[in-house]
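Analysis of the macromolecular model
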Amino acid sequence: MNFKKARGLLGLVGSVFGAVSAVQGFRNARKDKDKLLLVNASASILVAITGVLLTIRSIRKDELK
């Protein structure tokens, strides 16, 4: 496994952990009915999804080279 793939996989793992944390925050915000925390958690989920997609795209581009 080359360095770029390993870096990509680490980025993917980090994004997945971020998504898990964001989902937990989302659940807590819904439970507490805190609208500001709900917006924050929703944005965090979108950031985590975007991170996963960017990492996948980067890995695919490296495979094509």
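Residues numbered from 1 in each chain as written. Predicted model: local features only at pLDDT ≥ 70, side-chain atom pairs only at ≥ 80, totals over all residues. Heavy atoms only, no water.

1. Description of the overall build of the protein chain
Scanning the protein chain from N- to C-terminus turns up two helices and zero strands. For the protein chain, the C-alpha radius of gyration of 15 Å lies well beyond 11 Å, the compact-globule estimate for 65 residues. Overall size of the protein chain, expressed as C-alpha extent along the three principal axes, is 50 × 15 × 10 Å. For the protein chain, the accessible surface area stands at approximately 5200 Å², while carbon and sulfur atoms represent 65% of it. (Helix = DSSP H or I, 4+ residues; strand = E, 2+ residues; numbered from the N terminus. Rg over C-alpha atoms; globule rule 2.2 N^0.38 Å. Areas by Shrake-Rupley, 256 points an atom, 1.4 Å probe, with all protein chains shown as cover.)

2. Comments concerning the packing of helix α1 (residues 3-32) against helix α2 (residues 35-64)
Interaxial distance between α1 and α2 falls to 8 Å at its minimum, and their mutual angle equals 165 degrees. Regarding the angle of α1 to α2, the classification is roughly antiparallel. Classified by chirality, the crossing of α2 by α1 is left-handed. The residue makeup of the contact of α1 with α2, split by class, is 16 nonpolar, nine polar and five charged. (Axes fitted to C-alpha atoms, helices over the stretch in contact; angles between N-to-C directions. Parallel < 35°, antiparallel > 145°, perpendicular 65-115°, else oblique. Left-handed = near helix turned anticlockwise from the far one by under 90°. Nonpolar A, V, L, I, M, F, W, Y, C, P; charged D, E, K, R; others polar.)

3. As for α1
Relative to the 44 Å expected for 30 residues at 1.5 Å per residue, α1 spans 43 Å between its end C-alpha atoms, a close match to the ideal helical length. Regarding α1, the residues found buried are Gly-8, Ser-15, Ala-22 and Ala-29. Immediately downstream of α1, the backbone of Lys-33 shows phi near 55 degrees, a positive value. (Expected span 1.5 Å × (residues − 1). Buried < 20%, exposed > 50% of the residue type's maximum accessible area, 1.4 Å probe, protein only.)

4. Notes on the side chain of Thr-55
As for its position among the elements, Thr-55 is in helix α2. Reaching out from Thr-55, the side chain makes a polar contact with the backbone oxygen of Gly-51 at a distance of 2.8 Å. With residues up to four places along the chain from it excluded, the contact list for Thr-55 reads Gly-8, Gly-11, Leu-12 and Ser-15. (Polar contact = N/O pair within 3.5 Å; in protein donor to acceptor, adjacent residues only side chain to side chain. Contact = heavy atoms within 4.5 Å.)

5. Side note on the environment of Ala-43
For Ala-43, the position within the fold is in helix α2. Residue classification places Ala-43 among the partly exposed positions, given a relative accessible area of 38%. When the C-alpha positions of Ala-43 and Ala-29 are compared, they lie 13 Å apart, and in sequence the two are 14 residues distant.

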